[in-house]
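Examination of the molecular architecture
One letter stands for each residue in the lines below.
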Amino acid sequence: MDFSLPLLPRLILPFLLVGGVLANIMTTDISFDESYEVTWGFYHVLSLNQGRQIQLSMDKSTGSGFASKLNFGSGFFHLRMKLPGKDSAGVVTAFYLASNGNNHDELDFEFLGNKEGKPITLQTNVFSNGIGNREQRIYLWFDPAVDFHNYQVLWNEHQIVFFVDETPIRVFKNKTNVGVSHPSKPMQVEASLWDGDGWATDGGKTKTNWSYAPFKANFQGFDISGCSIPHDSNNILPCYSPKYWWNLEKYWKLNSIQQRAYENVRNKYLTYDYCFDKPRFAIPPSECPQ
Ligand SMILES: *[C@@H]1O[C@H](CO)[C@@H](O)[C@H](O)[C@H]1NC(C)=O
Ligand SMILES: *[C@@H]1O[C@H](CO)[C@@H](O)[C@H](O)[C@H]1NC(C)=O
């Protein structure tokens, strides 16, 4: 390859030569370093396949994590992940967006490990203006430690939707009209592997068994479909522009096929929803069904 070509022609050239599909694969299959950097546990991060895959590991000394170089104000974010296998009780693998500073916003996928043969739980949470406590939990319809799956989160002015592959598993609508703040601070995309045995498995009763360490989580898919915001700015308004495809009307609510798939997940796989936790919230929070 002729590296004297600037980046754009290098990406467009295959498109002209062999057509759209391959070009799409090539432009989305980018290396980790183009959009992310390691943030902690440096010696526990392994780059594979020319940076197309990253392996985080955790042992008794430390876990590890990475974050996007840029901040974002809207987008359709994803990572392909394969979770630690065998006995992963106590181990948390996380993929999330988070803002810095006080009263933070955060959108979480947290995979809570389990004893071998017992299901891993996927917990999601939404923090807005510092208010969290919005946990929902599901079991998955596959073993997330066996293969890579695509975990995605759509974030625009109208809704936040968590997806497992193409299936929506959680919807957080913009309900500013009833006084619920909607995430609106620049956020970084982050992923990490850490010891959560104080709470993650059976409410903290099942501890991490370090004889299975190091625990390893693998990640792919480092392209980011997001509206980036300069590090010195808090102005998110440009990110609501319809020039970004994830802001188009099609992404303001689930379509009927997605709605059915979402209801199916809630009927079959939901194990916990804070909205229905009466001892915790005698009156359900405003964003919940009233
Ligand atoms: C929430 O929706 C309202 C009304 O449509 C809109 O004006 C506002 O910008 C949205 N808020 C955020 C933070 O996206
Ligand atoms: C940890 O795993 C080892 C190996 O399977 C087993 O012998 C040991 O009993 C386990 N420890 C606990 C506390 O479960």
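Before any of the text, the structure's been laid out above.
An account of the accompanying structure is given in this report. Because the structure is a prediction, the values reported are computed rather than measured.

**Remarks on the overall build of the chain**
- What the chain contains, in helices and strands, is four helices and 16 strands.
- For the chain, whose C-alpha radius of gyration is 19 Å, the value lies close to the compact-globule estimate of 19 Å for 290 residues.
- Over its C-alpha atoms, taken along the principal directions, the chain stretches across nearly 65 × 50 × 40 Å.
- Expressed as a percentage of its 290 residues, the buried residues of the chain come to 49%.
- Here the analysis covers contacts within the chain between residues at least 6 apart in sequence; of these, 64% occur between residues at least 24 apart.
- Total accessible area on the chain stands at roughly 14600 Å², and carbon and sulfur atoms take up 54% of it.
- In the chain, 26 side chains carry a positive charge and 29 a negative one; their mean positions are 5 Å apart.

**Quick notes on the site of ligand 2**
- What surrounds ligand 2 is the set Lys115, Asn209, Ser211 and Tyr212.
- In this structure, asparagine 209 approaches ligand 2 through a side-chain N or O atom, which is 2.3 Å from an oxygen atom.
- Burial of ligand 2 by the protein amounts to 31% of the accessible area it has alone, namely 370 Å².
- Counted by class, the shell around ligand 2 contains one nonpolar, two polar and one charged residues.

**Overview of the pairing of strand S6 (residues 91-98)**
- In terms of residue burial, S6 counts as a mostly covered element, since eight of its eight residues are buried.
- Covered by surrounding structure in S6 are Val91, Thr93, Phe95 and Leu97 together with Val92, Ala94, Tyr96 and Ala98, the residues of both alternating faces.
- As paired elements, S6 and strand S13 (residues 188-195) share eight bridges and run antiparallel to each other. Paired with valine 91 across the strands is aspartate 195, a residue of S13.

**Side note on the sheet that holds strand S1 (residues 36-40)**
- With antiparallel pairing, the eight strands of this open sheet are ordered in space as S1-S4-S13-S6-S7-S8-S9-S16. Here the strands that pair on one side only, and so sit at the sheet edges, are S1 and strand S16 (270-273). On average, adjacent strands in this sheet sit at an angle of 15 degrees to one another, irrespective of strand direction.
- The strands that helix H4 (residues 256-269) touches are strand S9 (136-139) and S16; relative to S16, the one it contacts most, it runs at about 90 degrees.

**Looking at the packing of aromatic side chains**
- Under the definition given, this model contains 24 aromatic pairs.
- When the centroid spacing of 5.7 Å and the interplanar angle of 70 degrees are considered together, the rings of tyrosine 36 and phenylalanine 222 count as edge-to-face. In this pair, tyrosine 36 is assigned in strand S1 and phenylalanine 222 in the loop between strand S14 (215-220) and strand S15 (225-229), connecting sequence segments 186 residues apart. Taken individually, tyrosine 36 and phenylalanine 222 each receive the classification buried, so the pair is uniform in this respect.
- Note on phenylalanine 109 and phenylalanine 162: the rings are 5.2 Å apart at their centroids and 80 degrees apart in plane angle, and the pair reads as edge-to-face. Pair noted here: phenylalanine 109 is in strand S7 (residues 106-112) and phenylalanine 162 is in strand S11 (residues 159-164), with a separation of 53 residues, a long-range link.
- Phenylalanine 162 sits in the buried class, given a relative accessible area of 0%.
- Here the aromatic residues Phe76, Phe163, Tyr244, Trp245, Trp246 and Tyr251 are joined through ring pairs into a cluster of three or more.

Rules used in this analysis
- Here the residue numbers are simple positions, counted from 1 along each chain's written sequence.
- Chain labels run from A onward and ligand labels from 1 onward, assigned in the order the entries are written.
- At least 70 in pLDDT is required for a residue's local features to be given in this predicted model, at least 80 for side-chain atom pairs to be given and counted, and no such filter applies to totals for whole chains, interfaces and linings, which use all residues.
- The side-chain quantities take in all heavy atoms of the structure and omit both hydrogens and water.
- A run of H or I in DSSP counts as a helix once it spans at least four residues, and a run of E counts as a strand once it spans at least two, with each numbered from the N terminus.
- Radius of gyration: C-alpha atoms only; globule rule: 2.2 Å multiplied by the number of residues to the exponent 0.38.
- Exposed residues in this analysis have more than 50% of their type's maximum accessible area, buried residues have under 20%, and partly exposed residues fall in between, with area computed by a 1.4 Å probe over protein chains only.
- By the convention used here, residues are in contact when the closest approach between their heavy atoms is within 4.5 Å.
- Per-residue accessibility takes into account occlusion by the displayed protein chains alone, with areas from the Shrake-Rupley method and a 1.4 Å probe.
- Residues counted as positive are Lys and Arg, residues counted as negative are Asp and Glu, and His and the chain ends are not counted.
- To locate a charge, take atom NZ for lysine, CZ for arginine, CG for aspartate or CD for glutamate.
- Neighbouring residues are identified by heavy atoms, a residue being near a molecule or strand if any of them is within 4 Å of it.
- Two N or O atoms count as a polar contact when they lie within 3.5 Å, although within protein this holds only if one can serve as hydrogen donor and the other as acceptor, and sequence-adjacent residues are included solely when both atoms are side-chain atoms.
- Each residue is assigned to one class: nonpolar for Ala, Val, Leu, Ile, Met, Phe, Trp, Tyr, Cys and Pro, charged for Asp, Glu, Lys and Arg, and polar for all the others, Gly among them.
- Here, any two strands with at least 2 DSSP bridges between them count as paired.
- The axes used here are C-alpha line fits, helices contributing only the stretch in contact, and every angle between their N-to-C directions lies in the interval 0 to 180 degrees.
- Each aromatic pair joins two rings of Phe, Tyr and Trp (for Trp, the six-membered one) with centres within 6.5 Å, and gets the label stacked for planes under 30 degrees apart, edge-to-face for over 60, and tilted for any other angle.

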